[in-house]
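# Descriptive structure summary
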Amino acid sequence: MSTSVPLIVRLLASSVSVAGRAGKIVRDVMSKGELGIVEKAKDDYQTEADRSAQRCIIASLSSQYPKINIIGEEDNPDNEGDVCSDWLTIDADKEVLCLECPSELQGIKEEDIVVWVDPLDGTSEYTQGFLEHVTVLIGISVNEKPVAGVIHQPYYKNVGSENKTGRTIWGLQEIGVGGFTPAPPPNSLIITTTRSHSNPVVEKALQVMNASQILRVGGAGFKVLQLLEGKASVYVFASPGCKKWDTCAPEAILSAAGGKLTDILGHNYKYGASEPRPNKTGVLAAVNADLHNYALNRIPQELKEKLANK
Ligand SMILES: Nc1ncnc2c1ncn2[C@@H]1O[C@H](COP(=O)(O)O)[C@@H](O)[C@H]1OP(=O)(O)O
Ligand SMILES: [Mg+2]
Ligand SMILES: [Mg+2]
Ligand SMILES: [Mg+2]
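Criteria and thresholds
- Residues numbered from 1 in each chain as written.
- Chains lettered and ligands numbered in written order.
- Predicted model: local features only at pLDDT ≥ 70, side-chain atom pairs only at ≥ 80, totals over all residues.
- Heavy atoms only, no water.
- Buried < 20%, exposed > 50% of the residue type's maximum accessible area, 1.4 Å probe, protein only.
- Helix = DSSP H or I, 4+ residues; strand = E, 2+ residues; numbered from the N terminus.
- Arc of directions from axis to C-beta.
- Polar contact = N/O pair within 3.5 Å; in protein donor to acceptor, adjacent residues only side chain to side chain.
- pLDDT = per-residue confidence, 0-100.
- Pairing = 2+ DSSP bridges.
- Axes fitted to C-alpha atoms, helices over the stretch in contact; angles between N-to-C directions.
- Donors = N, O, S within 2.8 Å, 3.2 Å for Na, K, Ca; no water.
- 1 Å grid on protein atoms, 1.4 Å probe; cavity = no way out; pocket = protein on both sides within 12 Å on 5 of 7 lines; lining within 4 Å.
- Points joined across faces, edges and corners; volume = space filled by probe spheres on them.
- Nonpolar A, V, L, I, M, F, W, Y, C, P; charged D, E, K, R; others polar.
- Salt bridge = Lys/Arg side-chain N within 4 Å of Asp/Glu carboxyl O.
- Near = heavy atom within 4 Å.
- Areas by Shrake-Rupley, 256 points an atom, 1.4 Å probe, with all protein chains shown as cover.
- Sits in = over half its atoms within 2 Å of the grid points.

## A few points about helix α8 (residues 289–298)
- Among all positions in α8, only Leu 291, His 292, Ala 295 and Leu 296 are buried. One face of α8 carries all of its buried residues, which in axial projection span an arc of 135°. The exposed residues of α8 that point more than 90 degrees off its buried face are Asp 290 and Asn 297.
- Residue Asn 288 occupies the N-cap position of α8, its side-chain oxygen lying 3.1 Å from the main-chain nitrogen of Asp 290.

As structure tokens, then:
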């Protein structure tokens, strides 16, 4: 791959390709039927697909970009078993390689980059058969800010080309987004939120929204896709359950599309390598600032303080 292409663009193009390869591993594990489910903690599962997809992504990216700090959700899967040679993916998406590089990212070096990998977002839904909710997330942050990202949806049904399963959405700050058709938010207020990690505080933050509909689906990636495609207006999750790998890629793509992802108090998360992994103060996201503002102002101060002081 020509190194005349700026690093951040090459890395995004590599991430698009390897996310697709990881998505195939996710499908292959499911079709083999041996999920190898491990309960890491209460309501927190990991399957062979999570482990193998992460090994594929981290081995592929670190072989090409050895000085980038890559942080994955699954603890040290590379210590368990090797990486199959046909998982190693070093090609790069041709369309993305042609993208312009944002001016402020031209001189970025590998040491400036932290990549947050969620090899399988929506593990609960994966084990329960809600396969459309499953995504592979690769978030690229520079100096603690999410600047680019990939959401791959392994089970997306491409209408018209039945044999091609899956799609890959990407975003690059200042340049834009690709891999899908953006759509405006719905006419009435539709909220998207968790289906597998709710609690009374999460429910309270939903009630105050005065929404016409509440969609309960799995995965941070899938919810942000709903915002981008106009299926929901706001993503509200007043819980510390999500981690940096859940939100880095979705935030980068949403921001590149003109949207906003913050915590429940309206503050931005930082994505430096030393940041605490949990997003302690929840997730609030919308495809434009007006909807984000509306939702932020609907949440009562005491609920914000409850989350902030947990
Ligand atoms: N309480 C929790 N324990 C573990 N993971 C959580 C929890 N809450 C949220 N997550 C992670 O954030 C994602 C979005 O949350 P939800 O699906 O509940 O809306 C989940 O798919 C899961 O990611 P993952 O599936 O990668 O472990
Ligand atoms: Mg998990
Ligand atoms: Mg996740
Ligand atoms: Mg995961």
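## What about the confidence of the model for the protein chain?
- Considering every residue of the protein chain, the mean pLDDT works out to 95; 97% of them sit at 70 or more.
- Here the predicted complex carries an ipTM of 0.99, next to a pTM of 0.97.

## Focus on the sheet that holds strand β7 (residues 165–172)
- If you trace the six strands from one edge of the open sheet to the other, you get β3-β4-β5-β6-β7-β8, paired in mixed fashion. Single-partner strands in this sheet number two, and they are β3 (69–72) and β8 (176–178). Between one strand and the next, the sheet's axes are offset by a mean angle of 15°, whatever the strand orientation.
- As judged from the seven bridges shared by strand β6 (residues 145–157) and β7, these two strands associate in the antiparallel manner. Bridging from a neighbouring strand, Gly 149 pairs with Gly 171 of β7.

## Examining the pairing of strand β5 (residues 135–142)
- Among the eight residues that make up β5, eight are buried, leaving the element largely enclosed by the rest of the structure.
- Because side chains alternate across β5, one face comprises the buried residues Thr 135, Leu 137, Gly 139 and Ser 141, and the other comprises Val 136, Ile 138, Ile 140 and Val 142, equally buried.
- Bridge analysis of strand β4 (residues 113–121) against β5 gives seven bridges, and the strand direction is antiparallel. Its bridge partner being in β5, Val 117 is matched across the sheet by Ile 138.
- Looking at chain direction, β5 and β6 are connected through seven bridges and run antiparallel. Residue pairing for β6: Val 136 is matched across the bridge by His 152.
- Taken together, β5 and the strand that follows it, β6, pair antiparallel across an intervening segment of two residues, in which Asn 143 is found at a positive phi of about 45°.

## Quick notes on the coordination of the magnesium ion (ligand 3)
- In the first shell of the magnesium ion (ligand 3), the protein supplies Asp 118 (OD), Asp 121 (OD) and Asp 246 (OD), at 1.8 to 2.0 Å from the metal.
- Every donor residue of the magnesium ion (ligand 3) comes from the same chain, spaced as D-x2-D-x124-D.
- A gap of 5.0 Å separates the magnesium ion (ligand 3) and the magnesium ion (ligand 2). Here Asp 121 is found in strand β4, whereas its partner Asp 246 is found in helix α7 (residues 244–256), with 125 residues between them in sequence. Accessibility classification places Asp 121 together with Asp 246 in one group, the buried group.

## Describing the coordination of the magnesium ion (ligand 4)
- Surrounding the magnesium ion (ligand 4) are the protein donor atoms Glu 73 (OE), Asp 118 (OD) and Leu 120 (O), which sit 2.0 to 2.3 Å from the metal.
- Read in sequence order, the donor residues coordinating the magnesium ion (ligand 4) give the pattern E-x44-D-x1-L.
- Between the magnesium ion (ligand 4) and the magnesium ion (ligand 2), a spacing of 3.7 Å is present, and a bridge between the two is formed by Glu 73. With Glu 73 in the loop between β3 and α3 (94–97) and Asp 118 in strand β4, this pair connects stretches of sequence that are 45 residues apart.
- The exposure class of Glu 73 is buried, given its relative accessible area of 14%.
- You can call Asp 118 buried: its relative accessible area is 0%.

## Describing the layout of surface pockets
- Roughly 570 Å³ of volume is contained in the largest pocket.
- Taken together, 28 residues line the largest pocket, and the ones lying closest to its centre are Asp 44, His 197, Gly 241, Lys 243 and Asp 246.
- Going through the elements one at a time, β2 (44–46), β4, α4 (123–128), α6 (220–228), β11 (234–237) and α7 are the ones with two or more residues in the lining of the largest pocket.
- Partitioning the lining of the largest pocket into residue classes produces seven nonpolar, nine polar and 12 charged.
- In this structure, the second largest pocket occupies an estimated 250 Å³ of space.
- Lining the second largest pocket are 13 residues, with His 152, Lys 164, Gly 166, Arg 167 and Thr 168 sitting closest to its centre.
- Every element with two or more residues in the lining of the second largest pocket is listed here: β6 and β7.

## As for the pattern of salt bridges
- The tally for this structure, following the rule as stated, stands at 12 salt bridges.
- For Arg 51, the salt bridge goes to Glu 48, with nearest N and O atoms at 3.2 Å. Pair noted here: Arg 51 and Glu 48 are both in helix α2 (residues 48–64), with a separation of three residues, about one helical turn.
- Owing to a relative accessible area of 24%, Glu 48 belongs among the partly exposed residues under this scheme.

## Description of the site of ligand 1
- With respect to spatial proximity, 20 residues lie near ligand 1, and among them Gly 122, Thr 194, His 197, Gly 219 and Lys 223 are the closest.
- Between ligand 1 and the protein, one listed contact pairs an oxygen atom with a backbone N or O atom of Thr 123 at 2.9 Å.
- In this structure, Lys 223 approaches ligand 1 through a side-chain N or O atom, which is 2.5 Å from an oxygen atom.
- Protein burial of ligand 1: of its 520 Å² of free accessible surface, 91% is covered by the chains.
- Among the detected pockets, ligand 1 sits in the largest pocket.
- Of all the elements in the fold, those that place two or more residues in the shell around ligand 1 are β4 and α6.

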